Amino acid sequence: GVAAILLIAASAIGIVVVLFAKGNPGLSRQIVALIDDSVGSDSTRFECDRIHGSLFGGAVLERPRLRVVTADGLVTWMSAERLRADYDLFQLLLSRRRSLRISIESPLVPLVHDRRGNLVVPRFGSGKRRAPGETVTRIAVQVSSGVLSLDRGGVRFGSIRGSGVVLLEPRKATLRL
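## Describing the overall build of the chain
In step 1: The secondary structure content of the chain amounts to three helices and 11 strands.
In step 2: When the helices and strands of the chain are read in sequence order from the N terminus, they spell out α-α-β-β-β-β-β-β-α-β-β-β-β-β.
In step 3: Along the first, second and third principal axes, the C-alpha atoms of the chain reach 70 × 35 × 30 Å.
In step 4: The buried share among the 177 residues of the chain stands at 31%.
In step 5: Within the chain, contacts between residues separated by at least 24 positions form 53% of all contacts whose residues are at least 6 apart in sequence.
In step 6: Surface accessibility of the chain: about 11200 Å² in total, with carbon and sulfur atoms responsible for 59%.
In step 7: Counting 26 positive and 15 negative side-chain charges, the chain places the averaged centre of each group 4 Å from the other.

## Topic: the environment of Arg 101
In step 1: Within the fold, Arg 101 resides in strand 7 (residues 97-105).
In step 2: With 68 residues separating them in the primary sequence, Arg 101 and Ala 33 have C-alpha atoms 21 Å apart.

## Regarding the environment of Ala 140
In step 1: Take Ala 140: it is sitting in strand 9 (residues 136-150).
In step 2: Put simply, Ala 140 and Ser 99 are 41 residues apart on the chain and 7.9 Å apart in space, counted from C-alpha to C-alpha.
In step 3: In contact with Ala 140, not counting residues within four places along its chain, are Leu 100, Arg 101, Ile 102, Gly 164 and Val 165.

## Considerations on the pairing of strand 4 (residues 65-70)
The side chains of a regular strand alternate between both faces of the sheet.
In step 1: By the criterion of burial, strand 4 is predominantly enclosed, with five of the six residues buried.
In step 2: For strand 4 and strand 5 (residues 73-79), the ladder comprises six bridges, and the chain directions are antiparallel. Among the inter-strand pairings, Val 69 is bridged to a residue of strand 5, identified as Leu 74.
In step 3: In textbook terms, the turn of a hairpin is the stretch between consecutive antiparallel strands, and for strand 4 and strand 5 this stretch comprises two residues.

## Let's talk about unusual backbone geometry
In step 1: Although it is not a glycine, Ser 106 sits at a positive phi angle of roughly 55°.
In step 2: Along the polypeptide, Ser 106 turns up in the loop between strand 7 and strand 8 (108-111).

## Section: the pattern of salt bridges
In step 1: Counted under the stated rule, the structure contains nine salt bridges.
In step 2: Notably, a salt bridge pairs Asp 49 with Arg 63, separated by 2.9 Å at the nearest N-O pair. Here Arg 63 lies in the loop between strand 3 (58-62) and strand 4 and Asp 49 lies in the loop between strand 1 (44-47) and strand 2 (50-54), a separation of 14 residues in the sequence.
In step 3: Exposure remark for Asp 49: the relative accessible area of 46% places this residue in the partly exposed category.
In step 4: One connected set of salt bridges, linked through shared partners, spans Glu 47, Asp 49, Arg 63, Arg 65 and Arg 67.

## Notes on a nonpolar patch on the surface
In step 1: Nonpolar side chains collect at one region of the surface, where Leu 119, Val 121, Leu 150, Val 155, Phe 157 and Ile 160 lie side by side and expose about 460 Å² of accessible area between them.
In step 2: Looking at the secondary structure, you find Ile 160 in strand 10 (residues 156-169).

What counts and what doesn't
- Residues numbered from 1 in each chain as written.
- Predicted model: local features only at pLDDT ≥ 70, side-chain atom pairs only at ≥ 80, totals over all residues.
- Heavy atoms only, no water.
- Helix = DSSP H or I, 4+ residues; strand = E, 2+ residues; numbered from the N terminus.
- Buried < 20%, exposed > 50% of the residue type's maximum accessible area, 1.4 Å probe, protein only.
- Contact = heavy atoms within 4.5 Å.
- Areas by Shrake-Rupley, 256 points an atom, 1.4 Å probe, with all protein chains shown as cover.
- Lys, Arg positive; Asp, Glu negative; His and termini not counted.
- Charge placed at Lys NZ, Arg CZ, Asp CG, Glu CD.
- Pairing = 2+ DSSP bridges.
- Salt bridge = Lys/Arg side-chain N within 4 Å of Asp/Glu carboxyl O.
- Patch = residues over 30% accessible without salt bridge, like charges linked within 9 Å, V, L, I, M, F, W, Y side chains within 5 Å.

Structure follows, in structure tokens:
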């Protein structure tokens, strides 16, 4: 009875842990769909080639991209070689105070204009949030070897490095650079 259910549950968790560690394409697609559903909107898409890592401590996203739908088609607003997210799974699932550390390697942000001359920027979705007052999420972001370019005048800035903190609270978001 109970022992069989526990054995099946432990086996299922073990299979997910192994698939995640190896970067299984099917599991990666499902995780990307969940991320896109959380941060994407009708005009913004999140994509990446592969996700792998430790289910309980961190994930690595290979070639993540944030793309914006414009009248001219899909435009990549930001891409990176790699994004690493370090977290405590139990804290994310069970705590009202969450903390994440994100490292973005070699991000490229090409600032482009659509055919009407408007700067293309992502519009993030609100995601499926819990009731107001329940959670506060702190996201520490570290960027290394970034590039920012502008499609007019050939402006390009390289070797951008920095860090910041995003604090997501009910009805309020704060960005500190």
